[in-house]
Amino acid sequence: MTRANDPALRSWVDVPPGCDFPIQNLPFGIMRRAGGSPRLATAIGRQAADLQVLAEHGFFDDLGIPLEVFAQPYLNDFMALGKAKTSAVRNRLSHILDTDFEEWDAGELAPFFLFPQSEVEMLMPVRVGDYTDFYSSLEHASNVGSMFRDPQNPLLPNWRHLPVAYHGRASSIVVSGTPIRRPSGQTLPPGADQPVFGPSARMDFELEMAFVVGKPTELGQPIGIGEAEDYIFGLVLFNDWSARDIQQWEYVPLGPFLGKNFGSTVSPWVVTLEALEPFRTPGPVQEPEVLPYLKSEGNKNFDLHLEVWIQPEAGEAARVCRSNFKYMYWNMAQQLAHHAVNGCNFNIGDVCASGTISGPEEGSYGSMLELAWRGTKPLPMPDGSTRSFINDGDTVILRGWGERNGVRVGFGEASGKVLGL
Ligand code: MN
């Protein structure tokens, strides 16, 4: 176990109960203070810690990292240092923020590098080159397959043999808090034989996690399943906004296009794979047996609680979904090994999302399509209204965290408000 994960550690910065950012987390993100420049940050309690200030005061001097790496608008150059160095920075932070740190008076420098998260702007953490969305939840694929194809035989023949995915659009991935405009497009109304153009009437969210690639490969170089996790820097919450009516009309034969690429929302803090080590858990048994290049060993799933909340424009927020990242049928190592098996290359900052994470029970489905079962079972809201899909003015909020040995390591939020046309 790396020192930074020790459950006995405590910080001199206040970490309220239920907070996602104890000293055992120390995620990385990009913050900006009013009138300031973007710089690398970590989260501790309800504070954001400015790593550029710490770097300028020499706290990382012996790690051999150029100062300018801490003053970038994205984490890409930092991730490019490699895990030995990024992990050393996280361990150093765990010393600096520890109650036992006696090398300097915390009170003296704290006002210069600690700022309430409520007072800083969190920016898109990564410059995303390429984005891929998987379809790796058995429950989600089964639910969608039974709704749109065959309830008796919902999975297509390839599904249990390979992690199905499509190439998404990196340009429209935005950080939490960015509003999403309801898309317009072509749809085929029920019973009609000609399409119409107009605003989507079936705007949906997809509850997903995504991993950020922190190590590049060359074109033609596969990634062995045993080393796949070396390429994963960390994870974020990911809302793959979806317009179901546009998607349904366009998706055959080449898959999602305009029903998906109008926006995806990520949480601002990238939680390192290292900080998630305590939450490893076995994945579902894979039957039939997968091909050798997809056979992974050890616990490659993660026990992370996930929630989705809908906050109406003028009403009380309602939790509509509780799921868990551990339900994934295909794990991240398998996704990456499969993605690279043909020699497809990866760049630092590439993002791979999991696909909608649905669990076995109705309340654990990760999209409105499933929760309200294609509009046939509208969800009641606290204000008396119902939802089959997402209304204008609704804010959709994703949350996620792991909890073990009294330590909660979380992701904060990925939230986005839907604006009408
Ligand atoms: Mn998706």
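Please refer to the structure higher up on the page.
Residues numbered from 1 in each chain as written. Predicted model: local features only at pLDDT ≥ 70, side-chain atom pairs only at ≥ 80, totals over all residues. Heavy atoms only, no water.

Colleague: Before we move on, could you go through the overall build of the protein chain and cite the residues and values that matter?
Modeller: For the protein chain, the helix and strand inventory stands at eight helices and 26 strands. The C-alpha radius of gyration computed for the protein chain amounts to 22 Å, which stays within 12% of the reference 22 Å derived for 421 residues, consistent with globular compactness. Viewed in the frame of its principal axes, the protein chain has a C-alpha envelope of about 75 × 55 × 35 Å. Here the protein chain holds 421 residues, and 56% of them are scored as buried. (Helix = DSSP H or I, 4+ residues; strand = E, 2+ residues; numbered from the N terminus. Rg over C-alpha atoms; globule rule 2.2 N^0.38 Å. Buried < 20%, exposed > 50% of the residue type's maximum accessible area, 1.4 Å probe, protein only.)

Colleague: Mind laying out the pairing of strand β21 (residues 318–324), listing which residues take part and the relevant values?
Modeller: Counting buried positions along β21 yields five of seven residues, so the element is predominantly enclosed. Bridging between strand β20 (residues 305–311) and β21 involves six bridges; their strand directions are antiparallel. Of the residues in β21, the one forming a bridge with H305 is N324. (Pairing = 2+ DSSP bridges.)

Colleague: Break down the sheet that holds strand β4 (residues 114–116) for me, with residues and values.
Modeller: Strand order in the open sheet formed by five strands is β4-β3-β2-β1-β5, and the pairing between neighbours is antiparallel. Looking at the sheet topology across the chains shown, the edges are occupied by β4 and β5 (121–123). Shown here is a sheet whose adjacent strand axes are inclined to one another by a mean of 45 degrees, direction ignored. Where strand β1 (residues 29–32) lies against β5, three bridges are found, and the strand directions are antiparallel. Its bridge partner lying in β5, I30 is registered against L123. (Axes fitted to C-alpha atoms, helices over the stretch in contact; angles between N-to-C directions.)

Colleague: Can you tell me about unusual backbone geometry, naming the residues and giving the values?
Modeller: Note: most residues except glycine have negative phi, and most peptide bonds are trans. Following V252, the chain continues into P253 via a peptide bond in cis, with omega recorded as 5 degrees. Within the secondary structure, P253 sits in the loop between α6 (244–250) and β16 (264–266). Unlike most non-glycine residues, L26 shows phi in positive territory, near 50 degrees. Along the polypeptide, L26 turns up in the segment before β1. With relative accessibility at 0%, the residue L26 sits in the buried group. The backbone of W373 shows a phi angle near 40 degrees, a positive value even though the residue is not glycine. Examined against the element boundaries, W373 turns out to sit in the loop between α8 (368–371) and β23 (379–380). Judged by relative accessible area, which is 26%, W373 ranks as partly exposed.

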